[in-house]
Structures are given as structure tokens and as C-alpha cells.
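Chain by chain, the residues run as shown.
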Amino acid sequence: MDPSTLIGLALAFGALFGMVTLEGAHIQSLLLPPPMILVFGGTLAVGLAGSTLKDVIQALKALPGAIKGKSTPPQQSIDQVVKLAETARSEGLLALEQEAAKVTDPFLRGALQSIADGTDGDELRMMLEDEVATKIKTDHGAAKFFNTLGGYAPTVGIIGTVVSLTHVLENLSSPDKLGPMIASAFVATLWGLLSANFIWLPIGSRMGRVSELEVERMMLLMEGVLAVQAGSQPLVLRERLKAMVPAHELKAPGSKSKDANGSKGSKGSKSKEKEAA
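Quick notes on the rules
Residues numbered from 1 in each chain as written. Predicted model: local features only at pLDDT ≥ 70, side-chain atom pairs only at ≥ 80, totals over all residues. Heavy atoms only, no water. Helix = DSSP H or I, 4+ residues; strand = E, 2+ residues; numbered from the N terminus. Buried < 20%, exposed > 50% of the residue type's maximum accessible area, 1.4 Å probe, protein only. Contact = heavy atoms within 4.5 Å. Areas by Shrake-Rupley, 256 points an atom, 1.4 Å probe, with all protein chains shown as cover. Salt bridge = Lys/Arg side-chain N within 4 Å of Asp/Glu carboxyl O. Axes fitted to C-alpha atoms, helices over the stretch in contact; angles between N-to-C directions. Parallel < 35°, antiparallel > 145°, perpendicular 65-115°, else oblique. Left-handed = near helix turned anticlockwise from the far one by under 90°. Nonpolar A, V, L, I, M, F, W, Y, C, P; charged D, E, K, R; others polar. pLDDT = per-residue confidence, 0-100. Phe/Tyr/Trp six-rings, centres within 6.5 Å; stacked < 30°, edge-to-face > 60°. Expected span 1.5 Å × (residues − 1). Arc of directions from axis to C-beta. Bend = angle between axes of the 7 residues up to and from the residue.

A. Spotlight on the overall build of the protein. Within the protein, the regular secondary structure consists of ten helices and zero strands. Taking all 277 residues of the protein together, 35% fall into the buried category. Sequence-distant contacts in the protein: of pairs separated by 6 or more residues, those separated by 24 or more amount to 75%. Of the roughly 16700 Å² of accessible surface on the protein, 62% is carried by carbon and sulfur atoms.

If you want it as C-alpha cells, here you go:
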């Protein structure tokens, strides 16, 4: 789980409450039910009005996955595909059917099953590209819903402030009440801006980023399995897939690797130097 969203939101609201406390105000002066009900309820309502019910349900279903932000490291996907390439070269493409039964990822499992069934390479590429395109379209719809809420929220907050100020003007005969009433009126605007920039827009951006990482993983797997079907050598395939991934997302280049006997390469080279001496 990637906790950056939860940490970011906690820091944002913490900074807000810290400012309020340092200025000597009370948190309770911001937690007023009427403007909060209007801002959150009205924003969700107009968001629903501007979308379809299926879009809203799909966006809410995607919310937990976006907050968790769990993604497979590219190096793990590369190692998995290279292992499949080794299996295909030693046992044949039909052996991938057994490997498909061990895979939990439906995208990779479907690709391996198609290879074992003898699907043509061009047709398989079209199928996988269509699946990736569908994934992009679905994720874009979910992120768009929350970005739309971020656009509506400030305006809904202003509407709440205007409504409250109308009520203030009705009570000009009570000067002692005007100050608290005006302050309460601007709380709606505050929550409109706050909910947009502290909640809805960050969630929409988070969904977009998580979707990008997932699509990159799917593209990596797609190119990998198509190369396996074409009979690419495992070592060549590994280098090709590594070239598709930014260096900082792979294992650190200075990490120590182990040779076939389980000993570290640096120690092995030192022993060879001693023997040569």
C-alpha cells in the first residue's frame, strides 16, 4: 500500500487546523453543519446530475484501489516474463497453459492462455491493446468524476455564502448578531475551496497516476508475452524490457547479485584474483 494520499491529506488538514489554532480561533467555528451539508451534499448531487449512475458507481468502486495505490514493481514483472520465456524455450509454448493456471493477474493469464491456444501474434496484439484501451477508458471516467467534483465544489460554496448573506441582510436590525452571521456565511466558501483542493482534486489526480502505472505494467507484460510467443531469447528479452522502464524504477545498479552457486559476485571475483596471484 502506498500511503502518500493519506499522509498528504493528513498534513493538509493538519496545516489548516494548525493555522486556526495559532490564530487563536476555534476549530468548532469551521465545523458548522449547515454549510458543510450544502457543500458536500450539493457537490455530490450536481456531480451525479452531470454523469450517469453507472459512472458514479464505477468511480466509487475505484476509490479504495486508488487510495491503496498498490502496484507491481516493473522489475518483478520483467523477472516473471523472463521466467516464462525460459519455460517456453525449454518446454514449448504449450507449457504456458500450465503457467497460466498459476498466474493471478487476469491480463497476463489471458495472454498466456491465448498463446497456448495458438492465437496468431497480430491478433493477440490487437486483443491485448484493446484490453489496455478499455482499462484506460474506464480509469479516465472514474478520475474525471472526482475532478468534476473539484470543479463544482467552490461554486457550490459561493452559493452557500450568498444564501447566508441574504439571511444576514434580513437581520440588519440586530447589529450584535451580524458579526457571527457573516463569519458563518463565509464558512461555506471555505469548505467549497477546501473540499475541492484538499479532497476531490487530489483523489482525481491520484486515480490518474495509479491508472498510468497500471497501464505501463500491462504494456510491459504485453510486449513481453508477444516476444515470448515469437521465441525471443530470455537474456535479450530482459534487456529489451528493462529499456522500456526508467532506470530509477528498476533495481539499484550497485546492488550485489548472486551467481549460480549462491555466492556474491564481488567475493567470487576476489577469490579468482587470489588464485591468479
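B. A look at the pattern of salt bridges. Scanning all chains against the criterion turns up nine salt bridges. Between Arg 217 and Asp 105 there is a salt bridge whose closest N-O contact spans 3.0 Å. One end of the pair, Arg 217, is in helix 8 (residues 175-229); the other, Asp 105, is in the loop between helix 5 (96-102) and helix 6 (106-116), with 112 residues separating them in the sequence. Between Arg 217 and Glu 214 there is a salt bridge, with its nearest N and O atoms 2.7 Å apart. One end of the pair, Arg 217, and the other, Glu 214, are both in helix 8, three residues apart, so they sit about a helical turn from each other. Residues participating in the shared-partner salt-bridge network are Arg 125, Glu 129, Glu 223 and Arg 240.

C. Looking closely at the packing of helix 6 against helix 7 (residues 121-169). Where helix 6 contacts helix 7, the two axes come as close as 11 Å, and the packing angle between them is 165°. One element, helix 6, and the other, helix 7, form an angle in the roughly antiparallel class. As for the relative orientation of helix 6 and helix 7, their crossing is right-handed in sense. Along the contact surface, helix 6 presents Phe 107, Ala 111, Ser 114 and Ile 115, while helix 7 presents Leu 124, Met 127, Leu 128, Glu 131 and Val 132. Within the contact of helix 6 with helix 7, the residues separate by chemical class into seven nonpolar, one polar and one charged.

D. Quick look at the confidence of the model for the protein. Of the residues in the protein, 89% have a pLDDT of 70 or more, and the chain-wide mean is 85. Ranking the helices and strands of the protein by mean pLDDT puts helix 2 (residues 33-49) first, with 94, and helix 10 (residues 265-276) last, with 41. With pLDDT under 50 throughout, residues 252-277 is counted as low confidence; its partners more than four residues away or in other chains account for seven contacts.

E. Representation of the packing of helix 4 (residues 74-91) against helix 9 (residues 234-243). Close contact between helix 4 and helix 9 brings their axes to 9 Å; oriented N to C, the two are set at 155°. As summarised for this structure, helix 4 and helix 9 are arranged roughly antiparallel, according to the angle between their axes. Judged by the twist between their axes, the crossing of helix 4 over helix 9 is right-handed. Taken together, the residues of helix 9 that come into contact with helix 4 (itself represented by Gln 75, Ile 78, Asp 79, Val 81, Val 82, Ala 85, Glu 86 and Arg 89) are Pro 234, Leu 237, Arg 238, Leu 241 and Lys 242. For the contact of helix 4 with helix 9, the residue count by class is seven nonpolar, one polar and five charged.

F. Fine view of the packing of aromatic side chains. Evaluation of the coordinates by the stated rule reveals six aromatic pairs. Ring geometry for Phe 13 against Phe 17: centres 6.4 Å apart, planes inclined by 40°, an arrangement best described as tilted. Here Phe 13 and its partner Phe 17 are both found in helix 1 (residues 4-22), four residues apart, which amounts to about one turn of the helix. A relative accessible area of 30% places Phe 17 in the partly exposed class. On the basis of an interplanar angle of 80° and a centroid distance of 5.4 Å, the ring pair of Phe 145 and Phe 146 is categorised as edge-to-face. Here Phe 145 matches Phe 146 in class, with each residue buried. Linked through ring pairs, Phe 40, Phe 145, Phe 146, Trp 191 and Trp 200 together constitute an aromatic cluster.

G. Just helix 1, in detail. Between the first and last C-alpha of helix 1 there are 26 Å, a value that for 19 residues agrees with the 27 Å anticipated at 1.5 Å per step. Burial in helix 1 covers these residues: Thr 5, Ala 12, Phe 13, Leu 16 and Val 20. Buried residues in helix 1, looked at end-on, bunch into an arc of 85°, giving them a common side. Across from the buried face of helix 1, at angles greater than 90 degrees, the exposed residues are Ala 10, Leu 11, Ala 15, Thr 21 and Leu 22. Positive backbone phi, at 85°, marks Gly 24, one or two positions downstream of helix 1.

H. Local environment of the environment of Lys 70. Relative to the elements of secondary structure, Lys 70 occurs in the loop between helix 3 (53-68) and helix 4. On the basis of relative accessible area, Lys 70 is assigned to the exposed category, the value being 73%. Residues Lys 70 and Leu 213, spaced 143 residues apart in sequence, show a C-alpha to C-alpha distance of 9.7 Å.

I. Structural context of helix 3. Compared with an ideal rise of 1.5 Å per residue, which puts 16 residues at 22 Å, helix 3 spans 24 Å between its outermost C-alpha atoms and is within 8% of the ideal. A maximum bend of about 30° is found in helix 3 at Ala 62, where proline Pro 64 lies one to four positions downstream. Along helix 3, the residues that are buried comprise Val 56, Ala 59, Leu 63 and Ala 66. Phi turns positive, to about 65°, at Gly 69, one or two residues after helix 3.

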